Amino acid sequence: MASLKLSAPSSQWIAGERSLDRRSRILTAAPRRRVAVGPIRAGSYTDELVQTAKVIASPGRGILAIDESNATCGKRLASIGLDNTEANRQAYRQLLLTTPGLGEYISGAILFEETLYQSTTDGKKFVDCLRQEKIMPGIKVDKGLVPLPGSNNESWCQGLDGLASRCAEYYKQGARFAKWRTVVSIPCGPSALAVKEAAWGLARYAAIAQDNGLVPIVEPEILLDGDHPIERTLEVAEKVWAEVFYYLAENNVVFEGILLKPSMVTPGAEHKEKASPEMIAKYTLKMLNRRVPPAVPGIMFLSGGQSEMEATLNLNAMNQATNPWHVSFSYARALQNTVLKTWQGRPENVVAAQKALLDRAKANSLAQLGRYSAKGESEEAKTGMFQKGYTY
């Protein structure tokens, strides 16, 4: 039997083996480097952010949103026959922000930039009026919606350019939280592009706001427009919030130092079947439990064109059991509608209008505690405020 003859290994093969052997010894001898995984930080403001968010998300209190642009505020004033002048805007905002006892039910007020720098007719800064009532001043920081190229007639929110310097200035002026609103339209898809753009923009804004001492309110509003069922709203809401939290994490946002301002999960406003508060609560809480980490301190719902009473009833239904987060309100029209109509621009109606605001705020405070009853509500409070294609 012939013997098997083995050829000598080539010099190239030997060199390769020696190279591998040397690398192996180096890897074996070198100590394994540990990667420290610590808490996400938001610079020097982290502790303050967490404390601010906790104060806003305090039991029985919610947010008064009066951050309408001057153009939108003008529409509100026009509804009661007033011109859109700075003096009239100031008079209306003064009525709201100087309401005695408002801080019992309101923990934060979102202001438009003009309002942040305004004072009462007596010269007292609006920011100081809020502080006196232990209400945190907030500020709208986005620059509005514009068409999103490449989408299905959808929008994206602008305002990231110069945001850091604006936030720093707002902090100096006394603001301690911020709001950025973008929208998602179900009748328009929504497209994957629009959802990703909304989520990324919110995450970048949130990181910048935290870096400058402001607690960011994260608001991807899913518009009520459409004739879709509540199941479709749930599907879209879950997709949107999954994307939002993915990018919040990618941007190292501190979850304990943010607040959310979601839409309630409801059928489209033109759907043939109206959902009960119990059904809306069931679907909304299902979405929140599936998507929102318990580290987030507060869920401050927007009303989105619901009537004053509807918004309060739905909030109350969501607070019939214990939730991992503070479930409350951040209402604009659902707190102001009756107030505006009571005031009518007349100085003699200011006290009555302030009482109307306190009544509405108290109703939502009770809803946050799960103790609201609609008994005795006015017809005005039952009037829906949905407007198709509504813009701020």
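What counts, and where the lines are drawn
- Residues numbered from 1 in each chain as written.
- Predicted model: local features only at pLDDT ≥ 70, side-chain atom pairs only at ≥ 80, totals over all residues.
- Heavy atoms only, no water.
- Helix = DSSP H or I, 4+ residues; strand = E, 2+ residues; numbered from the N terminus.
- Buried < 20%, exposed > 50% of the residue type's maximum accessible area, 1.4 Å probe, protein only.
- Contact = heavy atoms within 4.5 Å.
- Areas by Shrake-Rupley, 256 points an atom, 1.4 Å probe, with all protein chains shown as cover.
- Pairing = 2+ DSSP bridges.
- Right-handed = clockwise from strand over helix to strand, strands pointing away.
- Axes fitted to C-alpha atoms, helices over the stretch in contact; angles between N-to-C directions.
- Phe/Tyr/Trp six-rings, centres within 6.5 Å; stacked < 30°, edge-to-face > 60°.
- Salt bridge = Lys/Arg side-chain N within 4 Å of Asp/Glu carboxyl O.
- Core = buried A, V, L, I, M, F, W, Y, C linked by side-chain atoms within 4.5 Å.
- pLDDT = per-residue confidence, 0-100.
- Parallel < 35°, antiparallel > 145°, perpendicular 65-115°, else oblique.
- Left-handed = near helix turned anticlockwise from the far one by under 90°.
- Nonpolar A, V, L, I, M, F, W, Y, C, P; charged D, E, K, R; others polar.

Examining the overall build of the chain
The helix and strand inventory of the chain stands at 13 helices and 10 strands. Here the chain, with 392 residues, has 54% of them falling under the buried criterion. Sequence-distant contacts in the chain: of pairs separated by 6 or more residues, those separated by 24 or more amount to 80%. Of the roughly 18,700 Å² that the chain leaves accessible, carbon and sulfur atoms contribute 52%.

Considerations on the pairing of strand β9 (residues 298-301)
Consecutive side chains along a regular strand alternate between the two faces of the sheet. Side chains of β9 alternate between two faces, with Gly298 and Met300 and Ile299 and Phe301 buried alike. The pairing of strand β8 (residues 259-260) with β9 spans two bridges and is parallel. When the bridges of β9 are listed, Leu260 appears paired with Ile299. Crossover handedness for the path β8 to helix α10 (residues 277-291) to β9: right-handed. Here β9 pairs with strand β10 (residues 326-331) via four bridges, running parallel. Bridging across to β10, Ile299 finds its partner in Val327.

Comments concerning the sheet that holds β10
Pairing in this closed barrel of eight strands is parallel, and the strands run β1-β2-β3-β6-β7-β8-β9-β10 around the ring. As judged from the two bridges shared by strand β1 (residues 62-66) and β10, these two strands associate in the parallel manner. Bridge assignment links Leu64 to a residue of β10, and that residue is Tyr331. Set on the sheet, helix α9 (residues 230-250) makes contact with β6 (177-184), β7 (215-222) and β8; between it and β7 the angle comes to about 150°.

Thoughts on the packing of aromatic side chains
When we look at a pair of aromatic rings, we describe it by the centre distance and by the angle of the planes. For the structure shown, the criterion picks out eight aromatic pairs. Ring geometry for Tyr92 versus Trp343: centroids 5.5 Å apart, planes at 20°, classification stacked. Of this pair, Tyr92 sits in helix α4 (residues 86-97) while Trp343 sits in helix α12 (residues 333-343), and the two are 251 residues apart along the sequence. With respect to burial, Tyr92 and Trp343 carry one shared label: buried.

Comments concerning the pattern of salt bridges
Counted according to the given criterion, the structure contains 15 salt bridges. Its salt-bridge partner being Arg176, residue Glu48 comes within 3.5 Å of it at the nearest N-O pair. Residue Glu48 is located in helix α2 (residues 46-56), and its partner Arg176 is located in the loop between α7 (163-173) and β6; the two are separated by 128 residues in the primary sequence. The class of Glu48 is partly exposed, set by a relative accessible area of 28%. The salt bridge involving Glu169 is made with Lys172; its shortest N-O contact spans 3.6 Å. Of this pair, Glu169 and Lys172 both sit in helix α7, separated by three residues, roughly a single helical turn.

Remarks on the nonpolar core
With 106 residues, the main nonpolar core has Tyr205 and Leu248 as its most contacted residues. Examining the composition of this core, we find that 10 residues originate from one element, α9, more than from any other.

Observations regarding the environment of Leu315
Secondary-structure assignment places Leu315 in helix α11 (residues 308-318). Exposure remark for Leu315: the relative accessible area of 0% places this residue in the buried category. Sequence spacing of Leu315 and Met300 is 15 residues, and the spatial spacing of their C-alpha atoms is 9.8 Å. The contacts of Leu315, once residues within four sequence positions are left out, are Met264, Phe301, Val327, Ser328, Phe329, Tyr331, Asn364, Ala367 and Gln368.

Quick notes on the environment of Leu357
Structurally, Leu357 is set in helix α13 (residues 350-368). Residue classification places Leu357 among the buried positions, given a relative accessible area of 1%. The spatial distance from the C-alpha of Leu357 to the C-alpha of Leu64 is 9.9 Å, given a sequence separation of 293 residues. Contact partners of Leu357, with chain neighbours within four places excluded, come to Leu64, Leu96, Thr99, Leu102, Leu335 and Val339.

Quick word on the side chain of Ser365
Residue placement: Ser365 occurs in helix α13. Note on Ser365: relative accessible area 7%, which makes it buried.

What about the pairing of β10?
A large share of β10 lies buried, amounting to six of its six residues. Because side chains alternate across β10, one face comprises the buried residues His326, Ser328 and Ser330, and the other comprises Val327, Phe329 and Tyr331, equally buried.

Points about the confidence of the model for the chain
Model confidence for the chain is summarised by a mean pLDDT of 89, while 85% of its residues fall at 70 or above. Within the model, pLDDT remains below 50 along residues 1-38, and this stretch shows one contact once partners closer than five positions in the same chain are excluded.

Brief notes about the packing of α4 against α12
A pair of packed helices is characterised by two quantities: the angle between their axes and the separation of those axes. One can describe the packing of α4 onto α12 by two numbers: an axis separation of 12 Å at closest approach and a directional angle of 120°. As judged from the angle between their axes, α4 and α12 are oblique. As α4 packs across α12, the resulting crossing turns out to be right-handed. Counted together, Asn88, Ala91, Tyr92, Leu95 and Leu96 of α4 and Gln336, Val339, Leu340 and Trp343 of α12 form the full contact between these two elements. Tallied by class, the residues present in the contact of α4 with α12 amount to seven nonpolar, two polar and no charged.

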